Structures are given as C-alpha cells and as structure tokens.
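# Observations on chain architecture
Below are the chains, spelled out letter by letter.
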Amino acid sequence: MAGFKGCMGLNDDCASGDLDLIWTFLPGYGTLMTLTDAEFQAVLNDTTKRIDGDIAWRNDEDHSPSVEFYVDVISNAGWPLVVRGSFNPLIPAVSYVLVYKNVGRVYGLDIGKDHHNPQCEQVGEKHKHRWTARFRDKEAYVPHDITAPASDPVAVWQQFCIEARLKHNGKLLDPPPHQKELPL
C-alpha cells in the first residue's frame, strides 16, 4: 500500500489517504482488492442476494444526530457483502451502501449529500454510486427510480433493495426519534 494515492474509502472522508482512517469503521477487511466491471455486474445481477431478519437502527458511535446499521448480505454465490445504512434526520440525509469486503463500496445511494464526479461534474443531492474498474466507487449518476424523500428512510430502503436486486426477508424498522441535547 505504500504509494497509495486517491480515495477508495467508503465514507468519502479520505483527504488524508490514510487507509487506517478510511477503513476503521468496517473492521477485518484486510488487504484491498479490485473488481472488474464484469465481476461487479455479476454481483449486482445476482438475484439470490438477501438479508434475513429485521434491521434496527443504532446510534452513530460519533454521537452525531445520525443513526446507522450494518447487516450481512447472504447469497448462493457467497459474495462477501455487507450493507451499511445511515440516516441523519436533521439534514435530512440517507445513505445505503453495498460493500464488497476487501474492495469497498461497489453500489450505493445517497440522498441529501452533494457529489462531485471525477470528471468535475456536480451530480447533486440524490445520486447512486456504481462500481467501475476505471473510477472504482467515485462516479455517480442521478437515479430516476428513487422517488422517496430522504425524510422517509424506510421507503428509500425499499426502493434501494428493488434496484440493487436485494431481497429483504424482514423489515427495516423506523429510526428512533431524534432527541435534542439539553443545554447544561
């Protein structure tokens, strides 16, 4: 990894290029690999991808107003996948990210956060990331199939699952109500 340049992290906060900082929130991911476009397409097209059970939000460990979840994805092919969800009710902003272990984000949806593509194109607050061998996870496009607002993360989740060919055998629970901190 010496000489690593650029951002391959999942959290888009990687100006330092320090892989230890970029990958800390997903432990045990080891050495980074890459995917070809065909391999990514096989993962996305696999209709056996599923999540079993209900998903509950938990407080963000950074004590921000966001809530999040991590859940393993099961498939007949045994893809090493996990989904990370995050929701900030104050903005509002929601993200659902399909992570291929040792590679990073290969597919994701963000609503409520601007994105700037590598070609200097501003994509906007609602965009999807789709893996390419050339740009990894850094290129995004505006999806027309996502119509639910960021303020309704459960409806956004349902639309994301359909587009990602991900079957959820359970339900995503509503996020807990945001509680404002009391002044001391």
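Structure first, text after, so check above.
Residues numbered from 1 in each chain as written. Predicted model: local features only at pLDDT ≥ 70, side-chain atom pairs only at ≥ 80, totals over all residues. Heavy atoms only, no water.

What follows covers helix H3 (residues 153-163). Among the residues of H3, those classed as buried are Pro-153, Val-154, Ala-155, Val-156, Trp-157, Phe-160 and Cys-161. Looking at the buried positions of H3, the neighbouring elements they touch are strand S1 (50-52), strand S3 (67-73), strand S4 (81-88), strand S5 (93-100), strand S6 (104-111) and strand S9 (167-169). (Buried < 20%, exposed > 50% of the residue type's maximum accessible area, 1.4 Å probe, protein only. Helix = DSSP H or I, 4+ residues; strand = E, 2+ residues; numbered from the N terminus. Contact = heavy atoms within 4.5 Å.)

This part covers helix H2 (residues 37-45). Inspection of H2 places Phe-40, Val-43 and Leu-44 among the buried residues, and these make up the whole buried set. Axial view of H2: buried residues confined to an arc of 95 degrees, hence all on one face. (Arc of directions from axis to C-beta.)

Per the counting criterion, the structure on display carries 10 aromatic pairs. Residues Trp-57 and Phe-69 carry aromatic rings whose centres are separated by 5.0 Å and whose planes lie at 70 degrees to one another, so their mutual orientation is edge-to-face. Here Trp-57, found in the loop between S1 and strand S2 (58-59), pairs with Phe-69, found in strand S3; they are 12 residues apart in sequence, far enough to count as distant. According to the relative accessible area criterion, Trp-57 is buried, its value standing at 9%. Taking relative accessible area as the criterion, Phe-69 reaches 2% and is therefore assigned buried. Three or more aromatic residues link up through ring pairs in this structure, and these residues are Trp-57, Phe-69, Phe-87, Tyr-96, Tyr-107, Trp-157 and Phe-160. (Phe/Tyr/Trp six-rings, centres within 6.5 Å; stacked < 30°, edge-to-face > 60°.)

Here S5 lies mainly inside the structure; eight of its eight residues are buried. Where S4 meets S5, eight bridges bridge the pair, whose relative direction is antiparallel. Within S5, the residue paired with Ser-86 across the bridge is Ser-95. When S5 meets S6, the two strands line up antiparallel, connected through seven bridges. Residue pairing across strands places Leu-98 opposite Tyr-107, the latter belonging to S6. In sequence, S5 turns back onto S6 through a hairpin of three residues, with Asn-102 there showing a positive phi of about 70 degrees. (Pairing = 2+ DSSP bridges.)

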